[in-house]
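One letter stands for each residue in the lines below.
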Amino acid sequence: MYYKESINQEKENIMPNTLGKIIAVANQKGGVGKTTSSVNLAAALAGKRKKVLIVDSDPQGNASSGVGLSVQSRKKHLYHAYTGDTPIADILCGTGVKNLKVVPSSIDLVATEIELVAAPGRERVLKGILEELRGSFDFIFIDCPPSLGLLTVNALTASDSVLIPLQCEYFAMEGLAQLVSTIRSVKKSYNKNLFIEGLLLTMYDKRNKLTFQVADKITEHFQKQVYSTVIPRNVRLSECPSHGQTIIEYDNQSTGAQAYNQLANEFLRKQG
Ligand code: ATP
Ligand code: MG
């Protein structure tokens, strides 16, 4: 029964820049702000009356707890959609933010990464799962784990675009080259329309000289693909997950909330 729906699920790609857009938030480097950005950009967009879904595709389940879903409350999660046990529509959960829903994750997703290896059409399973949700949301963000394994490849195959959070530090560029090469090979083999939505500089520290040097290098290389909004290091952003709240709920006046609201505006402007 495993992954029985994975074959023949290649449907027509919806053109980029239409509603119902799916965006993978990916970087194999750990702790660069993938989850913080998925959750808070999604919440900021929901605050602007967009219908938004977060798909927590990381076994760590940080995005799920970040929007207030305790481990105990997650009866059904993405793992059950991957196995074909439960329709995705029955896994969606509401959050404390109006217009924002989540497909939660759990540690069981570790097994998915392993079990997918032997599955036919193993790179396209998530694409098949998410296609039916497209019409119900304006934006679907997939929060990826810190690896380039099959969960991330599934997210990239299922997405129209990829948003790359980057911390301005010395090793950021090295990891980026590897990520861009993975995006290129997914594009070639499974998802020819995939494009880079934007690179987002996170935990930006304007007092640190290295921040400027790395930001300059990234902008020199990726130019307009880098968001002009940067996310500053802000203690309120690091506090809000422990309250199960997005920054918009926790402290909408904080510099972190202002930055994600500004990013949401820039993101929407880029949609044309
Ligand atoms: P992982 O690779 O483990 O999934 P990640 O890329 O999703 O990590 P986050 O969990 O978003 O990264 O962030 C890593 C840590 O840094 C968290 O403790 C988070 O609260 C904190 N953090 C993220 N962004 C900021 C910020 N702008 N200011 C302060 N702290 C931040
Ligand atoms: Mg994360």
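Please read these numbers as outputs of a predicted model, since none were measured by experiment.

1. Examining the sheet that holds strand S2 (residues 52-56)
In sheet architecture, strand pairing relies on hydrogen bonds along the backbone and comes in two forms, parallel and antiparallel.
Then, number 1: Ordered in space as S3-S4-S2-S5-S1-S6-S7, the 7 strands form an open sheet in which the pairing is mixed. The two strands at the open ends of the sheet, each matched to only one other strand, are strand S3 (93-94) and strand S7 (195-202).
Then, number 2: Each of strand S1 (21-25), S2, strand S4 (100-103), strand S5 (139-143), strand S6 (161-167) and S7 is contacted by helix H1 (residues 34-47), which is oriented at about 165° to S5, the strand it contacts most.
Then, number 3: Sitting on the sheet, helix H7 (residues 172-189) is in contact with S6 and S7, with an inclination near 170° to S6.

2. Some remarks on the packing of aromatic side chains
Then, number 1: Enumeration according to the criterion identifies 4 aromatic pairs in this entry.
Then, number 2: For the ring pair Tyr204 and Phe212, a centre distance of 6.2 Å and an interplane angle of 85° mean the geometry is edge-to-face.
Then, number 3: According to the relative accessible area criterion, Tyr204 is buried, its value standing at 17%.
Then, number 4: Phe212 gets classed as partly exposed once you look at its relative accessible area, which sits at 38%.
Then, number 5: If you follow Lys270 out to its NZ or CZ, it ends over the ring of Tyr227, 4.4 Å from the centre.

3. Topic: H7
Then, number 1: Counted at 1.5 Å a residue, the expected span for H7 with its 18 residues is 26 Å, and the 26 Å between its end C-alpha atoms agrees.
Then, number 2: Taken as a whole, H7 has its buried residues at Ala172, Gly175, Leu176, Leu179, Val180, Thr182, Ile183 and Val186. Down the axis of H7, the buried set is contained in an arc of 160°. They therefore lie on one face. Residues of H7 that are exposed and angled more than 90 degrees away from the buried face: Glu174, Arg184 and Lys188.
Then, number 3: Buried-residue contacts for H7 involve helix H6 (150-158), S6, S7 and helix H8 (209-222).

The rules behind the values
All residue numbers refer to positions counted from 1 along the written sequence of the respective chain. Written order decides the labels, with chains lettered from A and ligands numbered from 1. Local features are withheld for residues below a pLDDT of 70 in this predicted model, meaning they are given only at 70 or higher, and side-chain atom pairs are given and counted only at 80 or more; totals for whole chains, interfaces and linings count all residues. Just so you know, side-chain values use all the structure's heavy atoms and leave hydrogens and water out. Paired strands, in this sense, are two strands between which DSSP finds at least two bridges. Strands are runs of DSSP state E lasting at least 2 residues, helices are runs of H or I lasting at least 4, and numbering of each runs from the N terminus. Only heavy atoms matter for contacts: two residues are in contact if any of them lie within 4.5 Å across the pair. Axis lines are fitted through C-alpha atoms, for helices just across the contact stretch, and the angle between N-to-C directions can take any value from 0 to 180 degrees. In summary, the pairing rule links any two rings of Phe, Tyr or Trp, Trp by its six-membered ring, whose centres are within 6.5 Å, and it sorts them by plane angle into stacked for under 30 degrees, edge-to-face for over 60 and tilted for everything else. When accessible area is computed with a 1.4 Å probe and restricted to protein chains, residues below 20% of their type maximum are described as buried, those above 50% as exposed, and intermediate ones as partly exposed. Lysine NZ or arginine CZ positioned within 6 Å of the ring centre and within 35 degrees of the ring normal marks a charge as sitting over the ring. Multiplying one less than the number of residues by 1.5 Å gives the expected span of a helix. This arc corresponds to the set of directions leading from the helix axis out to the C-beta atoms.

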